[in-house]
Amino acid sequence: MSQIDLNTPLTDESLAALRIGDKVRISGTIYTGRDAAHKRLVDALDRGEPLPVDLRGQAIYFVGPTPPKPGEPMGSAGPTTSYRMDAYSPRLIAEAGLKAMIGKGARSQEVIDAMVRHKCVYLAAVGGAGALLGRHITAAEIVAYEDLGPEAIRRLTVEHFPAVVVNDLSGADLYQQGFKPWRTTG
């Protein structure tokens, strides 16, 4: 396991070196989005409409941030449970070119298969550390679905945003591999 600095937009080459358990620090632009925003994105794909943001080479952070304090770009920004986006993620990966997702918790096999086919990774941010994660956000702007409030899509500028690789391009799964040494047969 190593520490790797990633800069957005992400490329196949920048993701190829990642292995489960690697610590990453992301700098550049990432987008936010939870289930309501994901549903709207996929509905737009269904209608053949352009998406309100270009997700090619980008990362989506599954977060519902708290309001910022005066002078800050964003309040607490902890990850939300990722499986709620599993119904939508394969389409965004395959059709919109999404390269990374950041959240917490395991993903479905369908999502992992889409990540392998289309060279996308899943990263975990530390749950319960939203105030600390928010310190890595230097700018935030709502760019779509403002009516969704905290679930609106925001464009974040991040500096050294910390995460851990859970699913790499090979389909390896940190949650599955991490349990192996502790399992007993009986």
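Worth saying up front: this structure is predicted, and the values here are computed from it rather than measured.

A separate point is the pairing of strand 5 (residues 121–124). Where burial is concerned, the two faces of strand 5 agree: the one with V121 and L123 and the one with Y122 and A124 are both buried. Across 4 bridges, strand 4 (residues 100–103) lies against strand 5 in parallel orientation. Each residue of the ladder has a partner; that of M101, found in strand 5, is Y122. Taken together, the 3 bridges between strand 5 and strand 7 (residues 153–167) define a ladder with antiparallel strand orientation. Within strand 7, the residue paired with A124 across the bridge is V164.

Right, let's get into helix 3 (residues 89–96). For helix 3, the complete set of buried residues consists of S89, P90, L92, I93 and A96. Among the structural elements, helix 2 (35–46), strand 3 (59–61), strand 4 and helix 4 (109–118) are those in contact with the buried residues of helix 3. A positive backbone phi angle near 80° is found at G97, which sits one or two residues after helix 3.

Okay, the packing of helix 3 against helix 4 next. Contact geometry for helix 3 and helix 4: axes closest at 9 Å, N-to-C directions at 10°. If you check the angle between helix 3 and helix 4, you find them roughly parallel. Counting all contacts with helix 3, which are made through S89, P90, I93 and A94, the residues of helix 4 involved are E110, V111, A114, M115 and H118. The residue makeup of the contact of helix 3 with helix 4, split by class, is 6 nonpolar, 2 polar and 1 charged.

Let's shift gears to the side chain of D168. Here D168 lies in the loop between strand 7 and helix 6 (174–179). One buried charged side chain, D168, makes no salt bridge at all; its nearest oppositely charged neighbour is R19, positioned 4.8 Å away. One polar contact links the side chain of D168 to the main-chain amide nitrogen of A172, over a distance of 3.3 Å. Once residues lying within four places of it in the same chain are set aside, the contact partners of D168 are L18, R19, I20, C120 and V121.

Calculation rules
- Residues numbered from 1 in each chain as written.
- Predicted model: local features only at pLDDT ≥ 70, side-chain atom pairs only at ≥ 80, totals over all residues.
- Heavy atoms only, no water.
- Buried < 20%, exposed > 50% of the residue type's maximum accessible area, 1.4 Å probe, protein only.
- Helix = DSSP H or I, 4+ residues; strand = E, 2+ residues; numbered from the N terminus.
- Pairing = 2+ DSSP bridges.
- Contact = heavy atoms within 4.5 Å.
- Axes fitted to C-alpha atoms, helices over the stretch in contact; angles between N-to-C directions.
- Parallel < 35°, antiparallel > 145°, perpendicular 65-115°, else oblique.
- Nonpolar A, V, L, I, M, F, W, Y, C, P; charged D, E, K, R; others polar.
- Lys, Arg positive; Asp, Glu negative; His and termini not counted.
- Salt bridge = Lys/Arg side-chain N within 4 Å of Asp/Glu carboxyl O.
- Polar contact = N/O pair within 3.5 Å; in protein donor to acceptor, adjacent residues only side chain to side chain.

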